[in-house]
Amino acid sequence: MLPIEEDGREQTKLEGKTGIYRASAINAPSVRMEPDAMALFPKCSFQVLVPNGRIVAGQRLEAVLVVTAPQPIPRAEGIDLLFQSVAWASYGKSSASKVMFEAPLELELEKGVPFAAGEHRYPFAVDVPAWLPPEVNGGTFGIRHTIDARLDVDWAVDPKAAYIWPRVDMPPRSAVRQPLTIRSHPGFFKDVVVEVTLSSATVAIGEEIRGQIALRSGHTVGFDAIDLALTSNATIAIGMHDRRATPLSRVRVPSAALRAGETLSFTFPSAPYLSPTYKTSFIDHDVSIVVSIPNPWIVPSFEVPIEVLPAGSIVQGSLSTSLLGGDRVRRIAMAMATDTGLVAGTRAPVLVHGDVGAVKVSMIDAPRQGRLGIDVDLTFSDLELGIVLRQRGVIEGLVGSPTSPFLPPPLWDRHLSFDPNDARPKIPDASLAPFFAAAFGGPIEEIRLSDHHLAFHVSMIDDGPQRMTLVAREVCAQAKRIGDAIRALPFPESLAEARPAWQATAEEQNAILIPSTPAINGIVLRAQILGGAERMIIVNLRTIWKSETPSLQAVLDLRNAPLPEASHSELEGESDNAWLTAVRAIFPEAHATGMGEVVVLSQAKWPTDPRALLPTLETFFGWILEARGERRVDAPYR
């Protein structure tokens, strides 16, 4: 639990302990008076007896005025009583004040009858409006309630009551607890996003205020701490509508705990001196927790509003809090994964990832400048079109280069070009249009596009599970459209007759066909070896266009069965190994890269049916296992 730091100032308590409010009469200097002088300077005292010692707004006040005279007062004609509420505020040398409510009462005394010595009781009633707030003294502003009393004496100085200060309370109310989650606004502090939740945004005076705080982003941004200040705010409607804040207590949250991804709890103890929330159009009052980052220059902050009900109010419901920070992200990721069939990320900031047909999808939690967002990455097999999407240059703008027909209007400031850097036949624009329509058919904020990758950013107003799962669905739908558009690309015209065989090979091997190259990616060869382990290599077949007559290249992923370094020279040089001799008859060139984890077999005659190459690839797989000193279970003994 985080410690509370109380401000070192005396709090003004608005609670009275007695129902009797007294005031002395003000009329003359304290000098000894003769009986004739007493007739000119009569004396008396005033008391107001209030039931339960308080006045409740919205209820009828039935009180008693008690006037006590030490001596008879001749010529007393009546009693004037005034209940008045005044709002005031100071602005340096000037000030503003306005009467909020007043109720004048007059009581006539029997004419010709002297006001006798002793105690006199006069019941009176006032209908107090329900909106009347309690007394406030903020130093430079305030609300005061007074009851003035005056004994009207003919041809004498009227005895008056110095201000009688009654206690006014707002009536209790009933409400339901509602948890509240607030996120820092965009631009709060660099790339920091802070989330704060309250177990209830509605509390009664005397209750604790409980909540939690966590970082959503900005774990690497440098700052020392985050301050939470319970603050009383007064809006001076009778003046310049300025808002005057008075911090009441403070919690300091160390940044180290937040950067570790923890959700920290905090509690503000009950504050009986806190005024309830009210709006009067004279001085309005609200309460908030001000969240700020201490800074030598500008102190960024945002507020978490709290509705404070009068003392005695009943707030129903149990206390609860919402998930924040990493816990919230994990819950959102699970909802997205359940809805779309993708896999929830196990490490932040990945939300979900997985395959949608031939397209790999990754969605990453990525707030930018304090605004929530998602980075989307769609990865697919290399189209080998030489796609370049970039900002239009100055020269292109000067010469007025035409806009690509594939770009939607929001991207007309971009330049799209194709540079395959080989002799492959050009694909007609009409055949490419469906692919670019799918690529640009989703969000295009911060978009990047290449031959094998589409990335964009999605800004979010909120990250509710429904909204996030909707975005995930839309991304998966876009990935499917892209995969369909890739499969629909045409074969090069000179190789069109081979398309059925290439298509059949891809389907039989559960691999991916890229018609425009053409290429087949993801052919998997497996072998069971002695001891029960399984070895696997992944083969990608690519068409190489160094001239109008293409050749074939096989790129083998050997990460599951790397080729020993000692065998590299045998692969790339002369060898009398029967398996390598058979492979070189089809692929004259071979070399290993990446510590033996990738082998490239090249210069094969381009096949109209790639299934004819599969035995050769199996033969090469056998040589790899032999070079590793491993034996296939189904291989003959020799």
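Described in the following lines is the structure provided in the data block. Everything numeric here is computed off the predicted structure, so don't read it as measured data. (Residues numbered from 1 in each chain as written. Predicted model: local features only at pLDDT ≥ 70, side-chain atom pairs only at ≥ 80, totals over all residues. Heavy atoms only, no water.)

## Some remarks on the sheet that holds strand β24 (residues 343–344)
Argument step 1. Spatially, the 6 strands line up as an open sheet ordered β24-β25-β26-β27-β31-β30, and their pairing is antiparallel. Single-partner strands in this sheet number two, and they are β24 and β30 (445–449).
Argument step 2. As paired elements, strand β26 (residues 359–365) and strand β27 (residues 373–379) share 6 bridges and run antiparallel to each other. Pairing of S362 across the sheet is with D377, part of β27.
Argument step 3. Docked against the sheet, helix α3 (residues 325–340) engages β24, β25 (350–356) and β26, running at close to 20° with respect to β25. (Pairing = 2+ DSSP bridges. Helix = DSSP H or I, 4+ residues; strand = E, 2+ residues; numbered from the N terminus. Contact = heavy atoms within 4.5 Å. Axes fitted to C-alpha atoms, helices over the stretch in contact; angles between N-to-C directions.)

## Regarding the packing of aromatic side chains
Argument step 1. What the rule picks out here adds up to 14 aromatic pairs.
Argument step 2. Summarising the aromatic geometry, the rings of F418 and F436 are spaced 5.6 Å apart at their centres and angled 70° between planes, so their arrangement reads as edge-to-face. Residue F418 is located in strand β29 (residues 414–418), and its partner F436 is located in helix α5 (residues 429–439); the two are separated by 18 residues in the primary sequence.
Argument step 3. You can call F436 buried: its relative accessible area is 1%. (Phe/Tyr/Trp six-rings, centres within 6.5 Å; stacked < 30°, edge-to-face > 60°. Buried < 20%, exposed > 50% of the residue type's maximum accessible area, 1.4 Å probe, protein only.)

## Things to note about the pairing of strand β6 (residues 76–91)
Argument step 1. Of the pairings in the sheet, the one linking β6 to strand β10 (residues 141–153) comprises 13 bridges and is antiparallel in character. Each residue of the ladder has a partner; that of F83, found in β10, is I147.
Argument step 2. The pairing of β6 with strand β7 (residues 94–108) spans 14 bridges and is classified as antiparallel. Within β7, the position partnered with S90 by the bridge is S95.
Argument step 3. Connecting β6 to the antiparallel partner β7 that follows it, the hairpin turn spans 2 residues, and G92 within it adopts a positive phi of roughly 70°.

## Some thoughts on the side chain of S292
Argument step 1. Inspection of the secondary structure puts S292 in strand β21 (residues 283–292).
Argument step 2. Filtering out sequence-adjacent residues up to four positions away, S292 remains in contact with A225, I226, D227, V299, P300 and S301.

## Describing the environment of G373
Argument step 1. For G373, the position within the fold is in strand β27.
Argument step 2. Looking at G373, the relative accessible area reads 2%, which means it is buried.
Argument step 3. What G373 contacts, discounting residues up to four positions off in sequence, is I364, D365, A366, P367, H457, V458, S459 and M460.

## Side note on the side chain of R414
Argument step 1. Relative to the assigned elements, R414 resides in strand β29.
Argument step 2. For R414, the side chain forms a polar contact with the main-chain oxygen of I447, separated by 3.4 Å.
Argument step 3. The residues touching R414, leaving out its near neighbours within four places in the chain, are L389, R390, Q391, R392, L407 and I447. (Polar contact = N/O pair within 3.5 Å; in protein donor to acceptor, adjacent residues only side chain to side chain.)

## Some thoughts on empty space enclosed by the protein
In this approach, a probe sized like a water molecule rolls over the atoms, and the result shows the empty space that is left.
Argument step 1. Following the criterion strictly, the structure yields 2 cavities of 30 Å³ or more and no others.
Argument step 2. In this model, the largest cavity occupies a volume close to 70 Å³.
Argument step 3. Every residue lining the largest cavity is listed: V203, A204, I205, G206, E207, I209, L230, P269, S270, A271, L274 and V308.
Argument step 4. In terms of residue class, the lining of the largest cavity is built from 9 nonpolar, 2 polar and 1 charged.
Argument step 5. For the second largest cavity, the full set of lining residues is A358, F380, S381, G483, I486, R487, I512 and I514.
Argument step 6. Mapped by element, the contributors of at least two residues to the lining of the second largest cavity are α6 (465–487) and β32 (512–514).
Argument step 7. Per element, the largest residue contribution to the lining of the second largest cavity is 3 residues, and it comes from α6.
Argument step 8. Considered class by class, the residues forming the lining of the second largest cavity number 5 nonpolar, 2 polar and 1 charged. (1 Å grid on protein atoms, 1.4 Å probe; cavity = no way out; pocket = protein on both sides within 12 Å on 5 of 7 lines; lining within 4 Å. Points joined across faces, edges and corners; volume = space filled by probe spheres on them. Nonpolar A, V, L, I, M, F, W, Y, C, P; charged D, E, K, R; others polar.)

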